[in-house]
Amino acid sequence: MIDTHMHADSRSGEDFGEMYLAGINTAITCSFYPFRIEHEMILLNHLNRILKLDTARAKEHGLDLKVALGIHPANANINPDTIFENLYKWIETKAIVAIGEIGLEDLTENEIDIFKRQLDIADETNSKVIIHTPRKNKREVLKEIMNIVPNHLDESQAVIDHINPNVIQDVIDTDYMLGLTVQPQKMEKEEAIAILDEYGFDKFLLNSDISNKPSDPLSVAKTIRELQRLGYRESEINKVSHENAEKFFNLNTV
Ligand SMILES: [Zn+2]
């Protein structure tokens with residue numbers, strides 16, 4: 001199983017061990033710094049920490065951690081140039097599997113500018129992007145994201161994450177991959193399963209988004225197990241368990 005979106009820097013090694021025991025071999029950890037950033041070097045340190053320290057910590061517990069780096073909208077109050085320079089380098093050396101998570105939160109001018117520039121880097125380097133949608137004003141922000149992306153990047157190179165039953169209709173007829181986040185206060189596994197049941201398994205990625213907020217490191221494993229218990233076809237379950245993620249991110253999984 002692959003957990004396609006999490007934040008390893010705010011979790012313990014014990015969590016990684018539990019995930020591994022539950023059958024999660026691979027996870028993608030994304031950048032997000034949960035406190036204000038007054039200088040871009042602080043963000044650069046956060047990104048390097050994910051790349052070097054958290055991948056090693058996960059490995060000690062059996063979990064193969066892939067990395068997505070970028071400027072999260074909540075961290076967009078910086079001069080981004082140094083980060084962009086490093087993004088090119090990480091993409092070139094295949095240190096990262098995607099630019100992420102990026103996106104919009106409060107729709108500030110800064111956020112929108114940095115979001116567009118990261119989409120342009122993805123287009124230029126033929127990279128994938130992981131796009132965050134907020135808990136508040138999800139529909140309004142999602143609409144803005146869908147206005148912006150096609151002017152910068154092919155929809156098929158992006159996953160729009162944290163899609164829930166309230167906004168699924170807005171995105172289902174697009175070429176985006178769609179992320180379903182099963183996390184306390186965000187979405188229950190039953191809601192994710194209801195979406196898969198209605199719209200099929202082809203367009204979706206599953207994740208826990210475990211972070212400094214209330215989280216369940218096993219939410220992906222529990223959702224997959226529940227799909228099995230309910231008798232969905234194994235070939236369908238495999239798509240959201242790992243196949244869609246392997247294909248989309250072009251992963252070399254263990
Ligand atoms: Zn996240």
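Just above, that's the structure.
To start, this report covers the structure provided alongside it.

Cut-offs and rules
- Residues numbered from 1 in each chain as written.
- Predicted model: local features only at pLDDT ≥ 70, side-chain atom pairs only at ≥ 80, totals over all residues.
- Core = buried A, V, L, I, M, F, W, Y, C linked by C-beta atoms within 7 Å.
- Buried ≥ 20, exposed ≤ 12 C-beta atoms within 10 Å, placed from the backbone.
- Helix = DSSP H or I, 4+ residues; strand = E, 2+ residues; numbered from the N terminus.
- Pairing = 2+ DSSP bridges.
- Axes fitted to C-alpha atoms, helices over the stretch in contact; angles between N-to-C directions.
- Contact = placed C-beta atoms within 7 Å.

The biggest cluster of nonpolar side chains holds 72 residues, and the ones touching the most others in it are Ala-68, Leu-69, Ile-99, Val-129 and Val-159. No other element matches helix α4 (residues 109–125), which puts five residues into this core.

Okay, the sheet that holds strand β1 (residues 2–6) next. With parallel pairing, the eight strands of this open sheet are ordered in space as β1-β2-β3-β4-β5-β6-β7-β8. The open sheet has two edge strands with one neighbour each: β1 and β8 (204–207). In this sheet, adjacent strand axes meet at a mean angle of 30° when their direction is disregarded. Where strand β4 (residues 98–103) lies against strand β5 (residues 129–132), four bridges are found, and the strand directions are parallel. Within the sheet, the bridge partner assigned to Ile-99 lies in β5 and is Val-129. Helix α9 (residues 234–249) contacts β1, β2 (26–30), β4, β6 (158–160), β7 (177–181) and β8 of the sheet and is inclined by roughly 110° relative to β8.

Within β1, five of the five residues are buried, leaving the element largely enclosed by the surrounding structure. Sheet topology places β1 next to β2; three bridges connect them, and they run parallel. Following the sheet pairing, Asp-3 is matched in β2 by Ala-27.

By themselves, these are just geometric observations and shouldn't be taken as functional.
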